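A closer look at the structure
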Amino acid sequence: MISVIFVCLGNICRSPMAELIFKKMTAERGLALSFDITSRGTSDEEEGNGIYPPAKKMLREHGIVGEHTARQLTKREVINADYVLVMDSSNLFDVLRLTGGACSDKVYKLCSFTSRPRDVADPWFTRDFSRAYADICDGCEGFLNYILSAHADMLGYDSRH
Ligand code: 4NP
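The present account deals with the structure reproduced in this document.

Criteria and thresholds
Residues numbered from 1 in each chain as written. Predicted model: local features only at pLDDT ≥ 70, side-chain atom pairs only at ≥ 80, totals over all residues. Heavy atoms only, no water. Pairing = 2+ DSSP bridges. Helix = DSSP H or I, 4+ residues; strand = E, 2+ residues; numbered from the N terminus. Axes fitted to C-alpha atoms, helices over the stretch in contact; angles between N-to-C directions. Contact = heavy atoms within 4.5 Å. Buried < 20%, exposed > 50% of the residue type's maximum accessible area, 1.4 Å probe, protein only. Phe/Tyr/Trp six-rings, centres within 6.5 Å; stacked < 30°, edge-to-face > 60°. Polar contact = N/O pair within 3.5 Å; in protein donor to acceptor, adjacent residues only side chain to side chain. Near = heavy atom within 4 Å. Areas by Shrake-Rupley, 256 points an atom, 1.4 Å probe, with all protein chains shown as cover. Nonpolar A, V, L, I, M, F, W, Y, C, P; charged D, E, K, R; others polar.

**Side note on the sheet that holds strand S3 (residues 83–86)**
- In space, the four strands of this open sheet follow the order S2-S1-S3-S4, with parallel pairing throughout. Each edge of the open sheet carries a strand with a single partner, namely strand S2 (35–41) and strand S4 (107–109). The sheet shows a mean angle of 25° between the axes of neighbouring strands, direction not considered.
- Direction of pairing for S3 relative to S4: parallel, over a ladder of three bridges. Counted as the bridge partner of Leu85 is Tyr108 from S4.
- Strands strand S1 (2–8) and S2 of the sheet are contacted by helix H1 (residues 14–28), whose axis makes an angle of about 170° with S2.

Structure, rendered in structure tokens:
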């Protein structure tokens, strides 16, 4: 089992989108049981709130339905995770501050797994939820391909199938 936590600031837009997109991607490859996937925010501002409606609408338009309740990331959760995937440089700074710099080897920007490393565009400020969705899909695909090659034996995955 590979545990993955997607992290953004509020845990109501980008990281719950990533959580649900990556759950769908892994399920489509028959790998749902190989992953423990969740999402968190670096801030407690939105604690207890559901997915922001425009983000939910964007997911629904792509056939993805699901719920998430915002929660703030803890140091213990970072310690216990295999991968912590943040959306932007500010999230990266906040996670490393939370851990006192420890665990830096498991914290990555999601889009660092793509051919064009970048921050996920923050739709809270851009209001462009389709761009955020595209960035997140690109990052999740890149991350899944990385995992399939790095952990192929453990996952028992044969890409010829
Ligand atoms: P998220 O979006 O980090 O992608 O969930 C945001 C949500 C709330 C705020 C900023 C970004 N906020 O400033 O309240």
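From this point, things continue past the structure.
**Regarding the pairing of S1**
- With seven of seven residues buried, S1 is to be regarded as a mostly interior element.
- Burial along S1 is two-sided: the face carrying Ile2, Val4, Phe6 and Cys8 and the face carrying Ser3, Ile5 and Val7 are both buried.
- Sheet topology places S1 next to S2; seven bridges connect them, and they run parallel. Following the sheet pairing, Val4 is matched in S2 by Ile37.
- Bridge count between S1 and S3: four bridges; the pairing is parallel. Across the sheet, residue Val4 finds its bridge partner in S3, namely Tyr83.

**Observations regarding the environment of Phe125**
- With respect to the element layout, Phe125 can be found in helix H5 (residues 123–126).
- Spatially, the C-alpha atoms of Phe125 and Val7 are 17 Å apart, while their sequence positions differ by 118 residues.

**Remarks on the packing of aromatic side chains**
- In the structure shown here, the tally under the stated rule is eleven aromatic pairs.
- Ring geometry for Tyr83 versus Tyr108: centroids 6.1 Å apart, planes at 35°, classification tilted. With Tyr83 in strand S3 and Tyr108 in strand S4, the pair connects residues that are 25 residues apart, well separated along the chain.
- Put simply, the rings of Phe6, Phe22, Phe35, Tyr83, Tyr108, Phe113, Phe143 and Tyr146 pair up and form one aromatic cluster.

**A closer look at the side chain of Ser3**
- Following the sequence through the fold, Ser3 ends up in strand S1.
- Ser3 sits in the buried class, given a relative accessible area of 13%.
- Once residues lying within four places of it in the same chain are set aside, the contact partners of Ser3 are Asp36, Asn80, Ala81, Asp82 and Tyr83.

**Brief notes about the environment of Arg118**
- As for its placement among the helices and strands, Arg118 is situated in the loop between S4 and H5.
- It is 13 Å that separates the C-alpha atoms of Arg118 and Cys137, two residues lying 19 residues apart in sequence.
- The contact partners of Arg118, leaving out residues within four places of it in the chain, are Cys111, Asp135 and Asp138.
- Engagement of the side chain of Arg118 in a polar contact is seen with the backbone oxygen of Arg116, the distance being 2.8 Å.
- Engagement of the side chain of Arg118 in a polar contact is seen with the side chain of Asp138, the distance being 2.9 Å.

**Brief notes about the site of the ligand**
- The immediate surroundings of the ligand are formed by Cys8, Leu9, Gly10, Asn11, Ile12, Cys13, Arg14, Glu46 and Trp124.
- With respect to the ligand, the backbone of Asn11 contributes an N or O atom lying 3.2 Å from an oxygen atom.
- Taking Trp124, its side chain carries an N or O atom lying 3.5 Å from a nitrogen atom of the ligand.
- Protein chains bury 88% of the 360 Å² of accessible surface belonging to the ligand in isolation.
- Looking at the shell around the ligand residue by residue, the class counts come to five nonpolar, two polar and two charged.

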